[in-house]
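Survey of secondary and tertiary structure
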Amino acid sequence: MGCDPFAFAVVDGHWLLPKDSPDLCKQFEAASVEVRDLAGCVDSDLETGALELSSSEYFLARALGFETIPRGDLWSPEEVQAMANRARWERPEEIAADDRRAYWSARRFFELCVLNNLGIFLS
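Quick look at the structure, then.

**Quick word on unusual backbone geometry**
The phi dihedral of Asp 12 is positive, around 50°, even though this residue is not glycine. Mapped onto the fold, Asp 12 is located in the loop between strand 1 (5-11) and strand 2 (14-16). Although it is not a glycine, Asn 117 adopts a positive phi angle of roughly 55°. Looking at the secondary structure, you find Asn 117 in the loop between helix 4 (100-115) and strand 4 (119-122).

Here it is, written out as structure tokens:
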């Protein structure tokens with residue numbers, strides 16, 4: 001897929017990346033630990049508020065109803081909130097063991113974006 005989604009907040013009209021917010025850093029770091037506990041390993045960029053694995057991007061796209069992630073798009077926090085209503089995640093027990101790190105990384109990434117009213121840039 002070749003697209004690295006990363007989260008951002010909008011504060012006073014400016015982008016704020018998770019690395020610039022101690023609270024967001026803690027949340028994404030905790031999500032990485034959680035995914036590692038669930039799946040044995042994790043998408044290495046999750047702890048920084050992004051996804052790097054093409055398989056993680058695949059699960060994010062699939063849950064949001066896309067065939068592939070639309071590279072170059074910018075989803076505002078409001079758009080991410082709207083997408084949350086239509087997100088359809090596969091049942092975890094139906095995910096092959098080799099794909100669980102990508103599934104859980106994508107799912108926790110998106111859930112934290114929704115929880116914290118973050119946007120997503122698809123580089």
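Now that the structure is up, let's keep going.
**Observations concerning the packing of helix 3 (residues 77-86) against helix 4**
With their axes 9 Å apart at the nearest point, helix 3 and helix 4 run at an angle of 125° to one another. Relative to helix 4, the element helix 3 lies oblique. When you trace helix 3 past helix 4, the crossing you get is left-handed. Residues Val 80, Gln 81, Met 83 and Ala 84 of helix 3 pack against Phe 110, Cys 113 and Val 114 of helix 4.

**Structural notes on the packing of helix 2 (residues 54-63) against helix 4**
It is the contact of helix 2 with helix 4, at a shortest axis distance of 8 Å, that shows an interaxial angle of 55°. Taken together, the axes of helix 2 and helix 4 are oblique relative to one another. As helix 2 runs across helix 4, the sense of the crossing is right-handed. Here Ser 55, Ser 56, Phe 59 and Leu 60 of helix 2 lie close against helix 4, whose contacting residues are Ala 102, Tyr 103, Ser 105, Ala 106, Phe 109 and Phe 110. A per-class count over the contact of helix 2 with helix 4 returns 7 nonpolar, 3 polar and no charged.

**Some points on the pattern of salt bridges**
Applying the stated rule across the entire model yields 6 salt bridges. One salt bridge connects Arg 108 with Glu 34, and the closest N-O pair in it is separated by 2.9 Å. Pair noted here: Arg 108 is in helix 4 and Glu 34 is in helix 1 (residues 22-39), with a separation of 74 residues, a long-range link. Here Arg 108 falls in the buried class, since its relative accessible area comes to 16%. Among the residues examined, Glu 34 registers a relative accessible area of 34% and is labelled partly exposed.

About the criteria used
- Residue positions are given per chain, counting from 1 as you read along its sequence in written order.
- Totals for whole chains, interfaces and linings use every residue, but because this is a predicted model, local features are given only for residues with pLDDT of at least 70 and side-chain atom pairs only at 80 or more, for both listing and counting.
- Calculated side-chain values reflect all of the structure's heavy atoms, with hydrogen atoms and water omitted.
- Put simply, DSSP H or I for four residues or longer makes a helix, DSSP E for two residues or longer makes a strand, and each gets a number counted from the N terminus.
- Each axis is a line fitted through C-alpha atoms, and for a helix only the stretch in contact is used; angles between axes span 0 to 180 degrees, taken between their N-to-C directions.
- In what follows, roughly perpendicular refers to angles from 65 to 115 degrees, roughly parallel to angles under 35, roughly antiparallel to angles over 145, and oblique to any angle outside these ranges.
- Note on convention: near helix rotated counterclockwise from far helix by under a right angle means a left-handed crossing. Clockwise means right-handed.
- Any two residues whose heavy atoms approach within 4.5 Å are treated as being in contact.
- Put simply, Ala, Val, Leu, Ile, Met, Phe, Trp, Tyr, Cys and Pro go in the nonpolar bin, Asp, Glu, Lys and Arg in the charged bin, and everything else, Gly too, in the polar bin.
- In what follows, salt bridge is the name for a side-chain nitrogen of Lys or Arg lying within 4 Å of a carboxyl oxygen of Asp or Glu.
- Relative accessible area decides the class of each residue, using a 1.4 Å probe on protein chains only: under 20% of the type maximum gives buried, over 50% gives exposed, and in between gives partly exposed.

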